[in-house]
Amino acid sequence: MIRLEQVKEARQQIADVVRVTPLLNSEQLSLRCGNDIYLKAEHLQKTGSFKIRGATNKVKQAVSAGAAYVTAASSGNHGQAVAYIAQRLGIPATIVVPEDAAQCKIDAIRSYRGAVEKYGYTSAERLPRAKELAASENGVYIPPYDDPSIMAGQGTIGLEILEQLSDVDAIIVPIGGGGLISGILTAVKESRPKVRVIGVEPALANDT
Ligand SMILES: *Cc1c(COP(=O)(O)O)cnc(C)c1O
């Protein structure tokens, strides 16, 4: 369980790396939905997704605690984020990706000087491999969502939304593993409990 205080601390920790992305009003979506719809433009974030928020918070903590190497298991945005922040902090990173990972994602990880290891096809195979690599080099494995520091980092989006749109009624959040929505709920519900937070997951990948 994390608290609002940890999200606020995360915001300070990551401020020198992460962009405050704009909250854009969409006339087309507003018309179609019969409501005032805004989009939090995290596609303009460093590395192209919000994953850099949690990854920066977690990797910085690991480095402060003496880590000189990090690993992650990811086929996409989390792996790019971990590779980026590791390079920026001057430590090596290995990202374990599936055998059939898209070349553009591998290229993106390598462009941040991350080492790429192809391993298996499922996250159940990749995760233990990333942990094993970290353990063998005295490094730290960076989880994609199930970690307090990752959740607190992702939750900084919630703090920004409350400031950018003070009369927000509801925040609609995509769910994969649930790190993003856990952080946003923490950021929003402790200070503005009336704001509704609604999670959305893909019908064909409804793990949550
Ligand atoms: C990771 C990710 C999600 C899901 O986030 P979780 O914290 O795993 O729930 C949704 N959208 C994008 C673009 C992502 O990169």
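None of the values given here were measured: they were computed from a predicted structure. Within any chain, residue numbers begin from 1 and follow the written order of that chain's sequence. Only residues with pLDDT of at least 70 are given local features in this predicted model, and only at 80 or more are side-chain atom pairs given and counted; all residues enter the totals for whole chains, interfaces and linings. Processing note: side-chain calculations cover all non-hydrogen atoms of the structure and skip hydrogens and water entirely.

Focus on the site of the ligand
Which entries qualify depends on this criterion: Being near a molecule or strand, for a residue, comes down to having at least one heavy atom within 4 Å of it. In protein, a polar contact means a hydrogen-donor-capable atom and an acceptor-capable atom, both N or O and within 3.5 Å, with residues adjacent in sequence counting only if both atoms are side-chain atoms; elsewhere, any N or O pair within 3.5 Å suffices. The protein chains shown are the only cover counted for residues, whose accessible areas, like all others here, come from Shrake-Rupley with a 1.4 Å probe. Residues are said to line a cavity or pocket when one of their atoms sits within 4 Å of a point; the points come from a 1 Å grid over protein atoms alone, cavities being sets where a 1.4 Å probe fits but cannot get out and pockets being open sets with protein on both sides within 12 Å along at least five of seven lines. Here the criterion for a molecule occupying a pocket or cavity is that more than half of its atoms lie within 2 Å of the pocket grid points.
Around the ligand, the neighbouring residues are Phe50, Lys51, Asn77, Tyr145, Ile175, Gly176, Gly177, Gly178, Gly179 and Leu180. Note that an oxygen atom of the ligand is positioned 2.8 Å from one of the side-chain N or O atoms of Asn77. A distance of 2.7 Å separates an oxygen atom of the ligand from a polar backbone atom of Gly178. For the ligand, whose unbound accessible area comes to 380 Å², protein coverage reaches 74%. When atoms are counted within 2 Å of each cavity's grid points, the one that captures over half of the ligand is the second largest pocket.

A closer look at the packing of aromatic side chains
Rule in force here: Under the pairing criterion, centres of Phe, Tyr and Trp rings, with the six-membered ring standing for Trp, must be within 6.5 Å; the plane angle then separates stacked pairs below 30 degrees from edge-to-face pairs above 60, leaving the rest tilted. A run of H or I in DSSP counts as a helix once it spans at least four residues, and a run of E counts as a strand once it spans at least two, with each numbered from the N terminus. Any residue under 20% of the maximum accessible area for its type is buried, any over 50% is exposed, and the rest in between are partly exposed; the area is computed with a 1.4 Å probe on protein chains only.
In this structure the tally under the stated criterion is one aromatic pair. With a centroid separation of 5.3 Å and an interplanar angle of 85°, the aromatic rings of Tyr84 and Tyr112 are classed as edge-to-face. Of the two residues, Tyr84 sits in helix H4 (residues 77-89) while Tyr112 sits in the loop between helix H5 (103-111) and strand E5 (115-118), which places them 28 residues apart along the sequence. Across the pair, exposure class does not vary: Tyr84 and Tyr112 are buried alike.

Quick word on the side chain of Thr71
On the secondary structure map, Thr71 appears in strand E3 (residues 70-73). Of the polar contacts made by the side chain of Thr71, one reaches the backbone oxygen of Ala130; its length is 2.7 Å.

A look at the environment of Ile157
Under the convention used in this document: In what follows, a contact means two residues having at least one pair of non-hydrogen atoms within 4.5 Å.
With respect to the helices and strands, the residue Ile157 is situated in helix H7 (residues 148-164). Judged by relative accessible area, which is 5%, Ile157 ranks as buried. Sequence separation of Ile157 and Ala203 is 46 residues, and the distance between their C-alpha atoms is 25 Å. Residues within four places of Ile157 in sequence aside, it is in contact with Lys40, Glu42, Phe50, Arg53, Leu180 and Ile184.

Quick notes on the domain arrangement of the chain
Applied cut-off: Note that the domain bounds reflect an automated or database-derived domain assignment. Two parts placed together each lose some accessible area under a 1.4 Å probe, and the buried area is that loss summed for both. For salt bridges, the criterion is a side-chain nitrogen of Lys or Arg within 4 Å of an Asp or Glu carboxyl oxygen.
Once the domains are mapped, the chain shows domain 1 (4-48 + 147-205) and domain 2 (52-141). A C-alpha centroid distance of 24 Å is found between domain 1 and domain 2. Listed per partner, the contact involves 22 residues of domain 1 and 16 residues of domain 2. Buried area between domain 1 and domain 2, both sides added, is near 1,500 Å², and the carbon and sulfur share of it is 53%. Sorting the residues of domain 1 by area buried against domain 2 places Val17, Thr47 and Ser149 first, and these three jointly supply 39% of that buried surface. Between domain 1 and domain 2 we count four salt bridges in total. Linking Asp16 and Lys60 is a salt bridge whose minimum nitrogen-to-oxygen distance equals 2.8 Å.

Some points on the layout of surface pockets
For clarity, the threshold we go by: Grid points are joined across faces, edges and corners, and a volume is the space filled by probe spheres set on the points. Just so you know the grouping, Ala, Val, Leu, Ile, Met, Phe, Trp, Tyr, Cys and Pro go in nonpolar, Asp, Glu, Lys and Arg go in charged, and all remaining residues, Gly too, go in polar.
Of the voids in this model, the largest pocket is the one considered here, and its volume is about 720 Å³. Counting only elements with at least two residues in the lining of the largest pocket, the list comes to strand E2 (38-40), H7, strand E7 (170-174) and helix H8 (179-189). If you tally residues by element for the lining of the largest pocket, the top one is E7, at five residues. Here the lining of the largest pocket is built from residues that sort into 16 nonpolar, one polar and five charged. Quantified by volume, the second largest pocket comes out at close to 530 Å³. Taken together, 23 residues line the second largest pocket, and the ones lying closest to its centre are Lys51, Pro144, Tyr145, Gly176 and Gly177. Going through the elements one at a time, H4, helix H6 (123-136) and H8 are the ones with two or more residues in the lining of the second largest pocket. Here the lining of the second largest pocket is composed, by residue class, of eight nonpolar, 11 polar and four charged.

Regarding H5
Stated formally: The arc in question is the one traced by the directions running from the helix axis out to the C-beta atoms.
Within the sequence span of H5, burial applies to Ile106, Ala108 and Ile109. Down the axis of H5, the smallest arc covering the buried residues is 160°, so these residues share one side. Of the surrounding secondary structure, the elements contacted by the buried residues of H5 are H4, strand E4 (93-97) and E5. With its phi angle positive at about 65°, Arg113 sits one or two positions after the end of H5.

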